Amino acid sequence: MSDEDDLRAEVRDLRAEVDALHTRIAALESELNTDPPPSIEAETAGTVVGSDTATPESESGDGSEPGTETRETAAGNAPADERNWERNIGMKWLGGVGSLALVVGVVFFIRMAIEAGYLGPLGRVLTGTAGGLILLAGGRYAAEAQGYSRWGRLVAGTGLAIAYFSVYAAYGFESYRAAIGAPLWAVLLVLTALVAATAALSVRDHAPAVAGEAFLLGYVTAYVGLDAGSFVVSPAYVVLLTAGLVTIAAVRPWSRLVLGSVLPAYVLHVAWTNRLEPPDTVAAVVLAATFAVYAAGVYVLRASDRTDRWHRRLVEATTASNAVFAAILLESVVRRLLPTAPDGVAVGAVGLALGGIYAVTESRLRQQNSAAGVLAVVLLAISVILAADPFAETVGLLVLLCGALALGTSRDAGAVRIGGHLVAVGTVAKLLAVDATRLPAFSLATVTGRPAAYLLGIAVFYVLGRWFGGASTTVPGIDRELPVAAPYAWTATGLAVVLLGLELSGASLSVAWAVLGLAFVGVGLALDDRGRRLQGVVVLGLVTTKVFLYDTRGLDTLARTLSFLVLGGILLVASYAYARWQGEKPLQRLSG
């Protein structure tokens, strides 16, 4: 990306943040009973105190009398904190409890009608459905025409739930199913029409909460479709629901709604495969389609006008959850579908797909999908671990590490570089936890043992530390930059110390550590590299501790004597080298 593109992106982000601040200030002013500008007041009507509590003019009586005080004026005279908790109790708690009480009351009414013989199964279903639809319509009218947005949407959501479960009862309860004789396809059709109509109206009304409830009930409908005994109904329903969410995201960038649907979609896939046991090919195709639709949804959300930080985080979380679920489930399906294929094929395929998503997002939208870039590298590393033996795993991880860092540096892809750094951490953990115990020790009969794996890691980490030089990286969420070269160099030195500790013991280990520390000090003095000198001093401090605390008691007299003699001589040589290097201006040399 050129400097001009970077500047334009920064200006666009600053404008979005300024607009968001204006909106929040207007909302705070409205809560403090000040008069915001008309354009902002219209946008923040849902947060203005009087919007849900003021009485319409037709119901307020004679408001022209001087002594008359409206409820809005009375509320404005109260402190802001008092108005806030009073508003929460009046609108949220009373409305929520009232909705619950209404649902329970409907249940008791139907029960009373059943006991009295007034309503049969069909009458109960029709009564509940009609009552729910009336509440849904009344809530929409109160929110749109009367201005009671929060209360109206709460009532509309209650009506939707009542109508939905009333229709569901026509098939879900065995006695109802036997009495009414409603086929499953008819019930699914009615539920689908109810969910689709509610979702469409929610988009029109700018009501994401009601839309979220509608789609949640849509996933419940997909679960009900499992009773059809066909392995086509439920997965097709899930894919259509997900596609509907993506379509809505193109009109209303409700990132929270898309993120919240990821878990139900993949949970339904698990229930579908466990109950109906579809062919593995069909299961793989459905998983791939679900992953692709959510990837398209993330692209649509990124292309929207929303650029606030909360939206970006939700989009990143959607990318991550979609990739993780798809990788896990696809891997299990592919193992059954291709038993002779190496493990990790599906995980690697998802990683490659994420790499493509990252590249397309960067080239088309001039944005970096950080979650896609990081997870692409991490999933490729996991596929290498699943597919190879321990030594080949280490080689593959080192190759992937170098490739990710080289690509991230050349293309200025920060997310890919962060993924490479995570692979470096995983490689070190594998060397210490797996290779140290599972790979054979040094032997002339094998070249793929533990020393070879460690030496490869040490060489790669030293080269990377030298390559990065004074470079630094910025971790998301941390304002300051962190150096990159020093951690790689110190890690390589630590691996060298661990390798000697695994292959040697006793006095030979003390001698080897002392020689290693002296070598680091010598190289640091020759190259005027303070980092190398400090590494040598740390290693010499380690071997000194070992000699004085362990060798004095754990070794025999000859080995103990050898340890002390070699250590003393090496420490004197290192001290003499420091003295010569400092010359006539020691403080200046050390500070340099």
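Everything below is about the structure printed above this text.
To keep things clear, this report deals only with the structure shown in the data block. These numbers come from a predicted model, not from an experiment. (Residues numbered from 1 in each chain as written. Predicted model: local features only at pLDDT ≥ 70, side-chain atom pairs only at ≥ 80, totals over all residues. Heavy atoms only, no water.)

Here helix α9 (residues 184-205) spans 31 Å end to end across 22 residues, near enough to the 32 Å set by a 1.5 Å rise per residue. For α9, the complete set of buried residues consists of Leu-184, Val-187, Leu-188, Leu-191, Leu-194, Val-195, Thr-198, Ala-199, Ser-202, Val-203 and Asp-205. One face of α9 carries all of its buried residues, which in axial projection span an arc of 165°. With respect to the buried face of α9, the exposed residues turned more than 90 degrees away are Trp-185, Leu-189 and Arg-204. His-206 occupies a position one or two residues after α9 and carries a positive phi of about 60°. (Helix = DSSP H or I, 4+ residues; strand = E, 2+ residues; numbered from the N terminus. Expected span 1.5 Å × (residues − 1). Buried < 20%, exposed > 50% of the residue type's maximum accessible area, 1.4 Å probe, protein only. Arc of directions from axis to C-beta.)

Attention now moves to the packing of aromatic side chains. Scanning all chains against the criterion turns up 7 aromatic pairs. Relative to Phe-325, the ring of Tyr-266 has its centre 5.6 Å away and its plane inclined at 25°; by these criteria the two rings are stacked. Residue Tyr-266 is found in helix α12 (residues 255-276), and its partner Phe-325 is found in helix α14 (residues 309-337); the two are separated by 59 residues along the sequence. On the basis of relative accessibility, which here comes to 2%, the residue Tyr-266 falls in the buried class. Taking the centre distance of 5.2 Å and the plane angle of 40° together, the rings of Trp-467 and Phe-468 count as tilted. Taking relative accessible area as the criterion, Phe-468 reaches 11% and is therefore assigned buried. By the ring-pair criterion, three or more aromatic residues cluster together here, those being Phe-461, Trp-467, Phe-468 and Tyr-488. (Phe/Tyr/Trp six-rings, centres within 6.5 Å; stacked < 30°, edge-to-face > 60°.)

The tally for this structure, following the rule as stated, stands at 12 salt bridges. Of the charged contacts, one joins Asp-435 and Lys-430 as a salt bridge, the two residues approaching to 2.5 Å between their closest N and O atoms. Residue Asp-435 is classed as buried on the basis of its relative accessible area of 0%. A relative accessible area of 7% means that Lys-430 is categorised as buried. A network of salt bridges, in which partner residues are shared, links Glu-331, Arg-335 and Asp-343. (Salt bridge = Lys/Arg side-chain N within 4 Å of Asp/Glu carboxyl O.)

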